[in-house]
Amino acid sequence: MDLSSYAELAVRLVNTSSLGHEGGDQLTTLDGLRALVADREHLNHGISRVDLEALRQLRTEFRAFFVACSLGDGADAAARLNELLIQNPVHPQLSGHDGQTWHVHYTESGSMSDKYAAGAAMGLAVRLTELGLDRFGLCQATPCQGVFIDTTPEGTRRYCSRRCADRASLAASGARKREEESQA
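Per chain, residues are indexed from 1 in the order of the written sequence. Totals for whole chains, interfaces and linings use all residues, but because this is a predicted model, local features are given only for residues with pLDDT of at least 70 and pairs of side-chain atoms are given and counted only at 80 or more. The side-chain values count all of the structure's non-hydrogen atoms but skip hydrogen atoms and water molecules.

A. Representation of the overall build of the protein chain within the structure. The helix count covers DSSP runs of H or I at least four residues long, the strand count covers runs of E at least two residues long, and both are numbered beginning at the N terminus. When its secondary structure is counted, the protein chain shows six helices and four strands. Counting from the amino terminus, the protein chain carries its helices and strands in the arrangement α-α-α-α-β-β-α-β-β-α. Principal axes of the C-alpha set define a box for the protein chain whose edges measure 65 × 35 × 30 Å. Buried means the residue's accessible area, taken with a 1.4 Å probe over protein chains only, is under 20% of the maximum for its type, while exposed means over 50%, and partly exposed covers the values in between. Every one of the 184 residues in the protein chain was classed for burial, and the buried ones make up 41%. For this analysis, residues touch if any pair of their heavy atoms sits within 4.5 Å. Partitioning the contacts of the protein chain with sequence separation of at least 6, the portion at a separation of at least 24 is 54%. For the accessible areas, the method is Shrake-Rupley and the probe is 1.4 Å, while residue cover comes only from the protein chains on display. Total accessible area on the protein chain stands at roughly 9900 Å², and carbon and sulfur atoms take up 52% of it. Neither His nor the chain termini are counted; the positive set is Lys and Arg, and the negative set is Asp and Glu. To locate a charge, the coordinates of NZ of Lys, CZ of Arg, CG of Asp or CD of Glu are taken. The positive charge centre, built from 19 side chains, and the negative charge centre, built from 24, are 5 Å apart in the protein chain.

Here is the structure:
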């Protein structure tokens, strides 16, 4: 079972917000929600407005988890995940779809948002125990506030995306150039 893909659901959800992203909040319509789960067959049907609102709230809760991690507050991060796991119990179930071999999905019961919440919370919990608190971060690019899980061997990731890393590098290069010109 691919636990990293379940944890990535939380990252993906948090990064739909308008915090620093061009184009604004990507989770305001049912079409935005469908786009969020388009590649997840077990999640991309039976979507309703109730799911949309539930995932917008869940997004806030996941963001608070990432903030707690970035502050090094393991007790708060664990408490937040434990609460989510209690609210959204995990039900493992064998699944075979899209020509894949049999594999485990964490839940097939409840609404689409219940499935999303249970899988993402469980994925985060497992990744937290595997990687440690310091591997859950907030994007360092201004003004982005995206989140990421650092799976690099060195543990040096600082940006939520290649795009933010490139923008930050370009901004730093421009700042150095302006500093050099002002000293000349």
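B. How the structure looks around the packing of aromatic side chains. Ring pairs are drawn from Phe, Tyr and Trp, using the six-membered ring of Trp, whenever the two centres fall within 6.5 Å, and their geometry is named by plane angle: stacked under 30 degrees, edge-to-face over 60, tilted for the rest. Inspection of every chain in the model, using the stated rule, returns three aromatic pairs. Between Phe-65 and Phe-66, the aromatic rings sit 5.4 Å apart at their centres with planes inclined by 80°, giving edge-to-face as the arrangement. Of the two residues, Phe-65 and Phe-66, both sit in the buried class. Taking 5.8 Å as the distance between ring centres and 55° as the angle between the ring planes, the aromatic pair formed by Phe-66 and Phe-136 counts as tilted. A residue pair is termed long-range when its members are at least 10 positions apart, and Phe-66 in helix α3 (residues 49-70) and Phe-136 in strand β3 (residues 136-138) qualify at 70 residues. Residue Phe-66 shares its accessibility class with Phe-136, and that shared class is buried.

C. Inspection of helix α4 (residues 74-87) at higher detail. In a helix, the anticipated span is given by 1.5 Å times the number of residues less one. In a regular helix each residue adds 1.5 Å, so 14 residues correspond to 20 Å; α4 covers 20 Å between its end C-alpha atoms and thus fits that length. Taken as a whole, α4 has its buried residues at Ala-77, Leu-81 and Leu-84. Looking down the long axis of α4, one finds its buried residues gathered within 60° of arc, a one-sided arrangement. Exposed and facing more than 90 degrees away from the buried side of α4 are Ala-75 and Ile-86. On its buried face, α4 sits against α3 and α5 (112-131). It is the directions from the helix axis to the C-beta atoms that the arc portrays.

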